[in-house]
Amino acid sequence: MPRALVTGITGQDGLYLAELLLSKNYEVYGLLRGQNNPKRSLVEEVVPDVKLLTGDLTDLSSLMHAFGQAQPDEIYNLGAISFVAYSWENARLTSEVTGQGVLNVLEATRIWCGDDIGKVRFYQASSSEMFGKVQAVPQSETTLLWPRSPYGVAKVFGHYMTINYRESYGMHASSGILFNHESPRRGPEFVTRKISQAVARIALGLQDKITLGNLDAKRDWGFAGDYVEAMWLMLQQEEADDYVVSTGETHSIGEFLDIAFRYVNIDDWTKYVEQDPRFFRPAEVDLLVGDSTKAREKLGWTPKVTFAELPEMMVEADLQEQRVLHRIDGN
Ligand code: NDP
Ligand code: GDR
């Protein structure tokens, strides 16, 4: 039975990846931080077969201890401070967790492997935010990086450290440059979930409006369940490498709003949406669209959920959640 250790187990991707690995008969270990993590019960409910270990990306000795217990064949480093807006307010912390945290996991892997560097395969969750002020359209593995936030800068550090450990030590270390991916499990601070939750609540009469920032930004949005499959595929390859994972389509926040509101029979969303400078960013990433030819050709990966299905899936899930929360009859 192969063994996997997943950091960021409480996050959106951690849960989908754990489900995927368990379905493939892996023994899955998840790294949980904090002495009383409020998301422990969620993990226990969604993926009860995952074995939880405590540790923090900023604490090398806690990672070494987790490695000793999990004895992993594969390590998926998904843990990070992942909210871009928050990274300006907590730049140093972001650099320590999202940047240097990667170095800690790589170093723990190297030390734990000892003379047998080939015994572990490593995945790093890199990000399209590294392209920031894009230098080419669409963006591929060779596009020049130009991060626009402390989060993006920290991810660039982690990305190049991963490549460096591959080149320096011959480690099977791959970096997935994933474009935005969403789901009903997306944190409510991210724009898609903020919208789907608000649309559900507006439709049920629980909320009057939603306040957003820049509606013109364009993103290449896919479904998280599809994207974790690409992570797993990367670690099944003979050679470690870097891959862009994306749909190849780009859409504005406005288009996401169109579909989400239409799902609850509201054709004109303008009277429900306000903009507030609070939600604008000091430096914006205006347009992201990925070229995932390499992942499609080498990994045989392809996204299944379309852009149009994504807001509908998320609004539907939020309608159900809000109905349960507020004891509203669904009929
Ligand atoms: P989430 O924000 O949902 O999850 C982040 C995870 O990191 C949580 O489990 C969180 O734990 C954990 N974490 C935070 N700080 C620490 C720490 N100090 N030590 C250990 N763990 C920590 O992110 P996603 O699931 O959406 O993303 C997974 C990874 O992929 C992240 O690295 C993200 O940056 C990256 N990524 C995501 C994309 C996306 O569109 N979703 C696109 C490209 C990259 P806790 O719950 O305890 O806070
Ligand atoms: P992003 O996701 O920054 O792309 O990072 P987010 O959903 O936060 O923002 C997307 C775009 O929407 C605009 N926006 C708003 N964003 C939020 N959160 N809240 C608002 O009210 C709002 N109004 C407009 C933003 O300005 C931005 O342009 C995500 C994270 O998952 C990262 O960890 C990951 O690396 C990248 O995707 C790829």
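Before reading on, note that the structure itself is shown above.
The present account deals with the structure reproduced in this document.

Conventions and cut-offs
- Residues numbered from 1 in each chain as written.
- Chains lettered and ligands numbered in written order.
- Predicted model: local features only at pLDDT ≥ 70, side-chain atom pairs only at ≥ 80, totals over all residues.
- Heavy atoms only, no water.
- Buried < 20%, exposed > 50% of the residue type's maximum accessible area, 1.4 Å probe, protein only.
- Helix = DSSP H or I, 4+ residues; strand = E, 2+ residues; numbered from the N terminus.
- Arc of directions from axis to C-beta.
- Contact = heavy atoms within 4.5 Å.
- Near = heavy atom within 4 Å.
- Polar contact = N/O pair within 3.5 Å; in protein donor to acceptor, adjacent residues only side chain to side chain.
- Areas by Shrake-Rupley, 256 points an atom, 1.4 Å probe, with all protein chains shown as cover.
- Nonpolar A, V, L, I, M, F, W, Y, C, P; charged D, E, K, R; others polar.

What follows is about helix α3 (residues 60-70). Of all the positions in α3, only Ser62, Leu63, Ala66, Phe67 and Ala70 are classed as buried. Around the axis of α3, the buried residues are gathered within 140 degrees of arc, so they sit on the same side. Projecting away from the buried face of α3 at angles above 90 degrees are the exposed residues Ser61 and His65. Buried-residue contacts for α3 involve β1 (3-7), β2 (27-32), β3 (51-54), β4 (74-77) and α5 (91-113).

To continue, consider the site of ligand 1. Near ligand 1 there are 26 residues, and of these Thr10, Arg33, Asn37, Ser82 and Tyr151 occur at the shortest range. Taking Tyr151, its side chain carries an N or O atom lying 2.6 Å from an oxygen atom of ligand 1. Take Arg186: an N or O atom from its side chain is 3.2 Å from a nitrogen atom of ligand 1. Within the complex, the protein chains bury 90% of what would otherwise be the 900 Å² of accessible surface of ligand 1. For the shell around ligand 1, the elements supplying multiple residues, two or more each, are α1 (12-23), β5 (121-127) and α6 (150-169).

Before going further, it helps to examine the site of ligand 2. Around ligand 2 sit 22 residues in total, of which Ser82, Ser127, Tyr151, Arg281 and Glu284 are the nearest. One of the side-chain nitrogen or oxygen atoms of Asn180 is found 2.8 Å away from an oxygen atom of ligand 2. Contacts to ligand 2 include Glu189, whose backbone N or O atom sits 2.9 Å from a nitrogen atom. Compared with its free state, where it exposes 700 Å², ligand 2 has 96% of that area covered by protein. By residue class, the composition of the shell around ligand 2 is nine nonpolar, six polar and seven charged.

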